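What follows is the residue order along each chain.
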Amino acid sequence: MSNRFSLTTIRESLSFTPRTLRLTWDTARGMTLVLGVLTVVAALLPLAVVYVGKTIIDAVVAGDADATLRLVLLELGIITAQALILRTLSLTRQVLGARLGVDINLMILKKAQSLSLRHFEDPEFYDQLTRARREASSRPLLVVTDTFQLLQNFLTLAGYITLLVSYNAWAVVGLFLAAIPAALVEMHFSTTAFRLRNWRSPETRRLNYVEHVLANDGHAKEVQLFNLGPHFLERYRSIGEKLYLEDRKLAVKRSSWAYALSLIGTAAFYGCYALMALAAAARQLTLGELTLYVAAFRQGQQAFQSILTAIGGMYENNLYMSNLFAFLAIPTEVSLDEKAHLAAPAASGELGVRFEGVGFRYPGQERWALEAIDLFIPEGQSLAIVGHNGAGKTTFIKLLTRLYEPTTGRILLDGQDLRAWDPALLRKRVGVIFQDFNRYQLTFGENVGVGSIEHAEDPERLRRAVERGGATEVVSDMSEGLATPLGRWFQKGTELSGGQWQKIALARAFMREEADILILDEPTAALDAEAEFAIFERFRSLTRGRTTILISHRFPTVRMADEIVVIEGGRIREHGTHDELLALSGRYAHLFSIQASGYL
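Definitions and limits used
Residues numbered from 1 in each chain as written. Predicted model: local features only at pLDDT ≥ 70, side-chain atom pairs only at ≥ 80, totals over all residues. Heavy atoms only, no water. Helix = DSSP H or I, 4+ residues; strand = E, 2+ residues; numbered from the N terminus. Buried < 20%, exposed > 50% of the residue type's maximum accessible area, 1.4 Å probe, protein only. Contact = heavy atoms within 4.5 Å. Areas by Shrake-Rupley, 256 points an atom, 1.4 Å probe, with all protein chains shown as cover. Pairing = 2+ DSSP bridges. Axes fitted to C-alpha atoms, helices over the stretch in contact; angles between N-to-C directions. Patch = residues over 30% accessible without salt bridge, like charges linked within 9 Å, V, L, I, M, F, W, Y side chains within 5 Å. Salt bridge = Lys/Arg side-chain N within 4 Å of Asp/Glu carboxyl O. Phe/Tyr/Trp six-rings, centres within 6.5 Å; stacked < 30°, edge-to-face > 60°. Lys NZ or Arg CZ within 6 Å of the ring centre and 35° of its normal. Polar contact = N/O pair within 3.5 Å; in protein donor to acceptor, adjacent residues only side chain to side chain. Core = buried A, V, L, I, M, F, W, Y, C linked by side-chain atoms within 4.5 Å. Parallel < 35°, antiparallel > 145°, perpendicular 65-115°, else oblique. Nonpolar A, V, L, I, M, F, W, Y, C, P; charged D, E, K, R; others polar. Arc of directions from axis to C-beta. pLDDT = per-residue confidence, 0-100.

This part covers the overall build of the protein chain. If you tally the helices and strands in the protein chain, you get 23 helices and 10 strands. For the protein chain, with 600 residues in total, the buried portion stands at 44%. In the protein chain, the share of contacts with a sequence separation of at least 24, taken over all contacts with a separation of at least 6, comes to 76%. Carbon and sulfur atoms provide 59% of the accessible area of the protein chain, an area that totals close to 31100 Å².

Read from one edge to the other, the open sheet built from six strands follows the order β6-β7-β8-β3-β9-β10, with strand pairing classed as mixed. Either end of the sheet is taken by a strand with one partner, and the two such strands are β6 (430-433) and β10 (571-576). For this sheet, the mean inter-axis angle between neighbouring strands, taken without regard to orientation, is 15 degrees. In this fold helix α19 (residues 498-510) packs onto β6 and β7 (517-521), with an angle of close to 170 degrees to the strand it touches most, β6.

Our focus in this paragraph is a nonpolar patch on the surface. Together, W25, L33, V37 and V41 make up an exposed nonpolar region whose accessible area comes to about 350 Å². Ranked by the residues each element gives to the nonpolar patch, the list is headed by helix α3 (residues 29-62), at three residues. You can see L33 is positioned in helix α3. The exposure class assigned to L33 is exposed, which follows from its relative accessible area of 52%.

Once that is clear, we can look at the packing of aromatic side chains. In total, this model carries five aromatic pairs according to the counting rule given. Summarising the aromatic geometry, the rings of F355 and F396 are spaced 4.3 Å apart at their centres and angled 10 degrees between planes, so their arrangement reads as stacked. Here F355 is found in strand β1 (residues 352-360), whereas its partner F396 is found in helix α14 (residues 393-400), with 41 residues between them in sequence. F396 matches F355 in its accessibility class, with the two residues each being buried. Considering the side-chain rings of F360 and Y404, the 4.9 Å spacing of their centres and the 55 degrees angle between planes classify their relative orientation as tilted. Here the residue F360 occupies a position in strand β1, and Y404 occupies one in the loop between α14 and β4 (408-413), the gap between them amounting to 44 residues. Using a relative accessible area of 3% as the deciding quantity, one classes F360 as buried. Among the residues examined, Y404 registers a relative accessible area of 4% and is labelled buried. For the cation-ring pair, R19 lies above F325, with the distance from its terminal atom to the ring centre recorded as 4.0 Å. The ring centre of W368 lies 4.5 Å from the NZ or CZ of R361, which sits over that ring.

Position of T147 among the secondary structure elements: in helix α7 (residues 139-164). Take T147: its relative accessible area is 18%, and that puts it in the buried class. There is a polar contact of 2.7 Å between the side chain of T147 and the backbone oxygen of V143. Beyond its immediate sequence surroundings of up to four residues, T147 is in contact with T17, L21 and M314.

The next subject is the pattern of salt bridges. All chains considered together, the criterion is met by 18 salt bridges. Between R429 and D414 there is a salt bridge; the shortest N-O distance is 2.9 Å. Placement of the pair is R429 in the loop between α15 (423-428) and β6 and D414 in the loop between β4 and β5 (416-417), with a sequence separation of 15 residues. R429 sits in the buried class, given a relative accessible area of 16%. Given a relative accessible area of 9%, D414 falls into the buried group.

Note that soluble globular proteins tend to have their nonpolar side chains buried in a common cluster. Counting 34 residues, the largest nonpolar core has L96, I108 and F327 as the members making the most contacts within it. Elements with a minimum of two residues in this core: α3, α4 (65-114), α6 (123-134), α7 and α13 (287-328). When residues of this core are assigned to their parent elements, the largest contribution, 10 residues, is made by α4. When neighbours within four sequence positions are excluded, L96 is seen to be in contact with T24, A28, M31, T32, L35, L141 and V144. In terms of nonpolar packing, the next biggest core, distinct from the first, is built from 29 residues, A369, L426, I517 and I549 among them.

Helix packing geometry: the angle between the two helix axes and the distance between the axes. Put simply, helix α2 (residues 17-27) and α4 touch, their axes get as near as 10 Å, and they point 105 degrees apart. Comparing their axes, α4 and α2 come out roughly perpendicular. Contact residues: α2 offers L23, T24 and T27, while α4 offers L96, R99, L100, D103, I104 and M107. Its residues assigned to classes, the contact of α2 with α4 comprises five nonpolar, two polar and two charged.

Here the focus is unusual backbone geometry. Although it is not a glycine, A372 sits at a positive phi angle of roughly 55 degrees. For A372, the position within the fold is in strand β2 (residues 370-378). Relative accessible area serves as the criterion here: at 41%, A372 is assigned to the partly exposed category. Of note, the phi angle at R402 is positive, near 60 degrees, even though the residue is not glycine. Within the fold, R402 resides in the loop between α14 and β4. A residue is classified by how much of its surface remains accessible, and R402, at 10% relative accessible area, is buried.

All right, on to α2 then. Within α2 the residues assigned to the buried category are T17, T20, L23 and T24. Seen end-on, α2 carries its buried residues on one side only, within an arc spanning 125 degrees.

Now for the packing of α2 against α3. Contact geometry of α2 with α3 gives a least axis separation of 5 Å together with a crossing angle of 120 degrees. Viewed along their axes, α2 and α3 adopt a mutual orientation that is oblique. Contacts between α2 and α3 pair T24, W25, D26 and T27 from the former with R29, T32 and L33 from the latter. Broken down by class, the residue content of the contact of α2 with α3 amounts to two nonpolar, three polar and two charged.

On to the confidence of the model for the protein chain, then. Note: predicted coordinates in regions of low pLDDT should not be interpreted at a detailed level. On average, residues of the protein chain score 79 in pLDDT, and 82% of them reach the 70 mark or higher. Averaged pLDDT values for the elements of the protein chain fall to 54 in helix α1 (residues 7-13) and rise to 94 in β1. Here residues 1-5 is a poorly scored stretch, pLDDT under 50, and it has 13 contacts once near neighbours within four places are set aside; other chains count. Below a pLDDT of 50 lies the segment residues 334-343, which in the model reaches 12 contacts outside its immediate sequence neighbourhood of four places, other chains included.

Here we take up the pairing of β10. In summary, the side chains of a regular strand alternate between the two faces of the sheet. Relative to β10, strand β9 (residues 563-568) is paired through five bridges, and the arrangement is antiparallel. Along β10, the bridge assignment pairs I564 with G576. Hairpin connection between β9 and β10: a loop of two residues separates the two successive antiparallel strands, and G569 in this loop has a positive phi of roughly 60 degrees.

This is the structure we're talking about:
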């Protein structure tokens, strides 16, 4: 255990305390200052109580009734003030904790928003996020509380030592040394508990996922239809039981060692108590002095034990704060010149999108999702991408919208590398709907408005987007129109069919009227034949003058594009117009004939 609890190890483990205190000060300076002042006052009042108690006993022994009454009233006043101070301290900690919980969770969420998509597709990142969020609402306050309690108990202890050294300085040293083993054991088990919780973050996330499946509306239909409840309940029980047994084993060992070593301090106290009682019986101490020394020994030992406990608590809480600060320190990606652009780069030469030797591999994967992509999409033209699932079509879109950076090669927009663009300005030019679009538990209007959040309150733009997305009939059936809550998570929510949700997603894409690049990933996958036909009829007018990239398995849509690209195995295998690709009698022609045969 000594190799874990050297002074260097403890010092390093407490290194996050100053950062946590600065964070607390920046969050709530007034409450932090009040907490500090009240802590100092709370440290001094117990000394006053002990000393007044000693003078009361001496006044009683001397038979001075007036002095006794005055001193009792004085002690009552001190006790009343102490109760008020402690209650105010508790209130201040509670309010400060609530403030810290909100602000630190906002810091975590803000940091998450600054990270790229690759982080959110990395299991290790989710483990790190889980560890940071798990303790965010409690650990910072505990660090602050332990720090102030350390100060409070140190001041109280200093006062007791001043009272006790006149009796026997060596006895004081012995009493304090007796409390050290229990504190070291607490620090040892704090480290063990921290490592255990960090190590099993994946299991904790699995447990949370199973709970989500069993208690989420998106899974309820299949869980009931396929009778999956018993299966997932058993999985939850199995994982939960494993975690419970680990926690129980650690808790039993921790309590057993803490109790055994606390007996050392108890034995030391009663040894000194016996010596003082014998001295009083031999008239070497007055009754008041006996009362003073016994109280000072007991409370001094408790103060010292509290100091060690606070240090142990700070040690444990700093371990968890390291998770928070490690998450906040995750580096974010920067553009080529490492500066935010105030305006879009000036176009140089060609207008449109160009892929030059673009290849991409997902983090931790050896297989290329895309490889050797060379392609030019002139401004105002439409491109359809065809290929089987997993061919790399959606990856193509992720790279174009700069959710990922190419592993090799580069992508140009109007002659400028995408990495030279400010991401916010780049994405203002793009309207996109992914196949796995979000279904927000918000109102109908808000679900459409998030497509261009700065125009979400513009009723005319909302109306135009709803019409272009083919969702006019859907909203007309809603009891509260655009104000109708959607989904079943909240009261009065209305659930929609998959096709209705997809129309809303289409309307969301058309909210970006300034966007000159429109990307549609399977835009009609969940629509019925009539709605699909209506979308096809309006498709050319809706996309006129825009650069359009369409991913679809439906050839009536695909054949409308100016050019069609067939992707297989991450590579472009064929490209040309619909008629040109049919004439090639290649992969596109084969897929077209298969789909056409289904209508014969």
